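In case you want the letters, here they are:
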Amino acid sequence: MRPARVLVILLFLLCLGTAQETTTYIGHYLEPFPGPQVYKDPNSGTLFYVETDGRHVAAVSGKGKLLWTKDPFKDARLSFYRTEKPQIVFIGPAPRGVHPPGEESNKFVSITFNSSQSGLLRMSNGDFGFLGQD
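Along its length, the protein chain carries two helices and eight strands. Looking at the protein chain as a whole, 35% of its 134 residues are labelled buried. Counted over contacts in the protein chain with a minimum sequence separation of 6, partners at least 24 positions apart contribute 40%. Counting only carbon and sulfur atoms, one obtains 57% of the accessible surface of the protein chain, whose full area is about 8900 Å².

The structure is reproduced here in structure tokens:
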């Protein structure tokens with residue numbers, strides 16, 4: 001009877017392990033600053049440019065007009081976390097489902113700092129919404 005119990009428990013654990021969904025986490029903690037970066041929004045044609053200091057972001061319309069320039073770290077009054085020189089190491093489309101209620105994700109740009117802090121920039125005016133830190 002004892003070997004049967006062990007077998008049932010092992011089968012249960014095996015089934016439990018295969019039923020769990022796993023996701024791979026990609027962190028940006030202390031990732032080296034890649035230098036100036038550009039992300040072009042495919043819908044509006046607006047370019048979002050991370051400047052050489054890694055802190056300022058500028059939005060340029062498809063016609064070449066400067067729309068706004070922001071320092072999201074300073075504007076959001078973020079605290080220094082894990083690094084003395086936080087810099088933006090990623091800029092790109094906002095993930096689906098990660099946006100303020102009642103808003104659409106295609107109205108935001110996602111940024112991540114090398115301190116693992118991240119948030120969303122509103123495309124229209126550069127307002128930064130802090131999402132969190134690891």
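Here we come to the sheet that holds strand β2 (residues 47-50). The antiparallel open sheet is built from four strands, whose spatial order is β1-β2-β3-β4. Every interior strand has two partners, whereas the edge strands, β1 (37-40) and β4 (66-70), have only one. Taking the axes of each pair of neighbouring strands and ignoring which way they run, one obtains an average angle of 15° across the sheet. In this sheet, β4 lies alongside strand β3 (residues 57-60) in antiparallel orientation, the contact comprising four bridges. Bridge pairing in β4 places A58 opposite T69.

A separate point is the packing of aromatic side chains. Counted under the stated rule, the structure contains five aromatic pairs. When the ring of F48 is compared with that of W68, the centres are 6.0 Å apart and the planes differ by 45°; the resulting orientation is tilted. With F48 in strand β2 and W68 in strand β4, the pair connects residues that are 20 residues apart, well separated along the chain. Both residues of the pair, F48 and W68, belong to the buried class. Residues F73 and F113 carry aromatic rings whose centres are separated by 5.7 Å and whose planes lie at 70° to one another, so their mutual orientation is edge-to-face.

One non-glycine residue, R82, adopts positive backbone phi at about 70°. By secondary structure assignment, the location of R82 is in the loop between α2 (72-75) and β5 (88-93). By relative accessible area, which is 39% here, R82 ends up partly exposed. With a phi angle near 80°, S116 is a residue other than glycine that sits in the positive phi range. Secondary-structure assignment places S116 in the loop between β6 (108-113) and β7 (118-122).

Looking now at the nonpolar core. As a rule of thumb, nonpolar side chains are buried together in soluble globular proteins. Ranked by size, the top nonpolar core spans 16 residues in total, and within it F48, V57, I91, V109, I111, F113 and L121 carry the most contacts. If you list the elements that add at least two residues to this core, you get β2, β3, β5 and β6. The leading source of residues in this core is β6, at three residues.

Turning to the sheet that holds β7, a few remarks are in order. With respect to topology, four strands assemble into an open sheet ordered β5-β6-β7-β8, the strand pairing being antiparallel. What marks the edges here is a single partner per strand, and that holds for β5 and β8 (128-132). Averaged over all adjacent pairs, the angle separating strand axes in this sheet is 25°, with direction ignored.

Time to look at the pattern of salt bridges. Summed over the entire model, instances satisfying the criterion amount to two salt bridges. The partner of D71 in a salt bridge is R55, and the shortest N-O contact between them spans 3.4 Å. With a gap of 16 residues between them, D71 in the loop between β4 and α2 and R55 in the loop between β2 and β3 connect regions that are remote in the sequence. Each member of the pair D71 and R55 is classed as buried. Between K70 and D127 there is a salt bridge, and its shortest N-O distance comes to 4.0 Å. In this pair, K70 is assigned in strand β4 and D127 in the loop between β7 and β8, connecting sequence segments 57 residues apart. By relative accessible area, D127 is classed as partly exposed at 40%.

Definitions and cut-offs
- Residues numbered from 1 in each chain as written.
- Predicted model: local features only at pLDDT ≥ 70, side-chain atom pairs only at ≥ 80, totals over all residues.
- Heavy atoms only, no water.
- Helix = DSSP H or I, 4+ residues; strand = E, 2+ residues; numbered from the N terminus.
- Buried < 20%, exposed > 50% of the residue type's maximum accessible area, 1.4 Å probe, protein only.
- Contact = heavy atoms within 4.5 Å.
- Areas by Shrake-Rupley, 256 points an atom, 1.4 Å probe, with all protein chains shown as cover.
- Pairing = 2+ DSSP bridges.
- Axes fitted to C-alpha atoms, helices over the stretch in contact; angles between N-to-C directions.
- Phe/Tyr/Trp six-rings, centres within 6.5 Å; stacked < 30°, edge-to-face > 60°.
- Core = buried A, V, L, I, M, F, W, Y, C linked by side-chain atoms within 4.5 Å.
- Salt bridge = Lys/Arg side-chain N within 4 Å of Asp/Glu carboxyl O.

Geometric descriptors of this kind do not, in isolation, establish any biological role.
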